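Observations on chain architecture
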Amino acid sequence: MSLKKSRTHIILGEVKTDSKSNEVTAIPLLLALLDLEDATISIDAIACNETIVKAILDKGANYLLGLKKNQPTLYAAVEDYVQAEGANPDNLTCDYFDDTHGRLVRRRYFVFDTPEHIKALGFSEMNTVIATETISSSPYKEGISAEWRYYITNNDKTNTQLPRFIRDHWQIESTHWLLDVHLNDDKDKKYSKNAAENFAKTKRFLLNMVKLRPPKGKKRSVRANLKLVGWNLDYLEELIFS
């Protein structure tokens, strides 16, 4: 279980999970390791429970959690309210188009105070609900698709950074992808616990260094920079000793 800083794209810390456990028990342990005062912690829907919310608040931090159907009653209440009242122009705080990655995407963010009947179903200090609508079209697919996602946070609805927090959260998914595709993280099947943990830390340390200090000269992909570590001793020395 890792925690990542979205602006710098680096991994700040990690703890291993036992074979009979999962992220729910690991997240509070990871939070306890770090100074998080005034930070906003974004986590997927697996963190939608009071224990994790309390652990974040006890660190003096704020939370922004994805809401999915693992909380069926809360999810249904938010979904119904968004479609009935929440998705109106008064609550629209951000609306823009994105034409990267070969498709055209419109993203709309609706932000509003949590209604009292929904607060009663949720977690401590659940002040604000964010509903995002993603409308996309691609030259490789017919038609237009639309998808809604919901988030809960103790941040006030006036916080103008809420849309950025949600977009930056996907940098976490990007890191998982880089570790899997370029460093074979998911295929690494070491049986010794110490070996598995040490190799995992080494991979994350290497990825952090390459992201923080890419080689001078022309811009390259992360994959190319990772290869260059093994091909160019000058670059390797720069990463280790600079």
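How each quantity is defined
- Residues numbered from 1 in each chain as written.
- Predicted model: local features only at pLDDT ≥ 70, side-chain atom pairs only at ≥ 80, totals over all residues.
- Heavy atoms only, no water.
- Phe/Tyr/Trp six-rings, centres within 6.5 Å; stacked < 30°, edge-to-face > 60°.
- Helix = DSSP H or I, 4+ residues; strand = E, 2+ residues; numbered from the N terminus.
- Buried < 20%, exposed > 50% of the residue type's maximum accessible area, 1.4 Å probe, protein only.
- Salt bridge = Lys/Arg side-chain N within 4 Å of Asp/Glu carboxyl O.
- Axes fitted to C-alpha atoms, helices over the stretch in contact; angles between N-to-C directions.
- Parallel < 35°, antiparallel > 145°, perpendicular 65-115°, else oblique.
- Contact = heavy atoms within 4.5 Å.
- Nonpolar A, V, L, I, M, F, W, Y, C, P; charged D, E, K, R; others polar.
- Pairing = 2+ DSSP bridges.
- Left-handed = near helix turned anticlockwise from the far one by under 90°.

Notes on the packing of aromatic side chains
Evaluation of the coordinates by the stated rule reveals four aromatic pairs. Look at Tyr 81 and Phe 112: their rings are 5.3 Å apart centre to centre, the planes differ by 45°, and that puts the pair in the tilted class. With a gap of 31 residues between them, Tyr 81 in helix α3 (residues 72-86) and Phe 112 in strand β6 (residues 104-113) connect regions that are remote in the sequence. Ring centres of Phe 110 and Trp 148 lie 5.8 Å apart, and the angle between their planes is 35°; on these two criteria the pair is classed as tilted. With Phe 110 in strand β6 and Trp 148 in strand β8 (residues 144-153), this pair connects stretches of sequence that are 38 residues apart. For Phe 110, a relative accessible area of 2% translates into the label buried. Trp 148 sits in the partly exposed class, given a relative accessible area of 23%.

Structural notes on the pattern of salt bridges
Throughout the structure, instances matching the rule amount to eight salt bridges. The partner of Lys 54 in a salt bridge is Asp 58, and the shortest N-O contact between them spans 3.0 Å. Here Lys 54 pairs with Asp 58, and both are found in helix α2 (residues 50-58), just four residues apart, close to one helical turn. You can call Asp 58 exposed: its relative accessible area is 55%.

Some details on the packing of helix α7 (residues 222-231) against helix α8 (residues 233-241)
One way to put it is that α7 packs onto α8 with a least axis distance of 6 Å and a crossing angle of 105°. When the interaxial angle is binned, α7 and α8 end up roughly perpendicular. Contacts between α7 and α8 involve Asn 225, Leu 228, Val 229 and Trp 231 from the first element and Leu 233, Tyr 235, Leu 236 and Leu 239 from the second. Here the residues of the contact of α7 with α8 sort into seven nonpolar, one polar and no charged.

Observations concerning the pairing of β6
Note on strand geometry: in a regular strand, side chains alternate between the two faces of the sheet. Two strands pair when backbone bridges link them, and strand β5 (residues 92-98) and β6 are joined in this way by six bridges, in the antiparallel orientation. For Phe 97, the partnering residue across the bridge sits in β6 and is Arg 106. When β6 meets strand β7 (residues 128-137), the two strands line up antiparallel, connected through 10 bridges. Across the sheet, Val 105 pairs through a bridge with Ser 136, a residue of β7.

Regarding the sheet that holds strand β4 (residues 62-67)
Read across the sheet, six strands follow the order β3-β4-β8-β7-β6-β5 without closing on themselves; strand pairing throughout is mixed. Across the chains shown, the open sheet's two edge strands, defined by having one partner strand only, are β3 (40-43) and β5. Across the sheet, the axes of successive neighbouring strands diverge by a mean angle of 20°, strand direction being ignored. The pairing of β3 with β4 spans four bridges and is parallel.

A few points about the packing of helix α6 (residues 193-212) against α7
Interhelical geometry of α6 versus α7 gives an angle of 110° and a closest axis separation of 10 Å. If you check the angle between α6 and α7, you find them roughly perpendicular. Here α6 runs over α7; the crossing is right-handed. On α7, the residues touching Leu 206, Leu 207 and Val 210 of α6 are Val 222, Asn 225, Leu 226 and Val 229.

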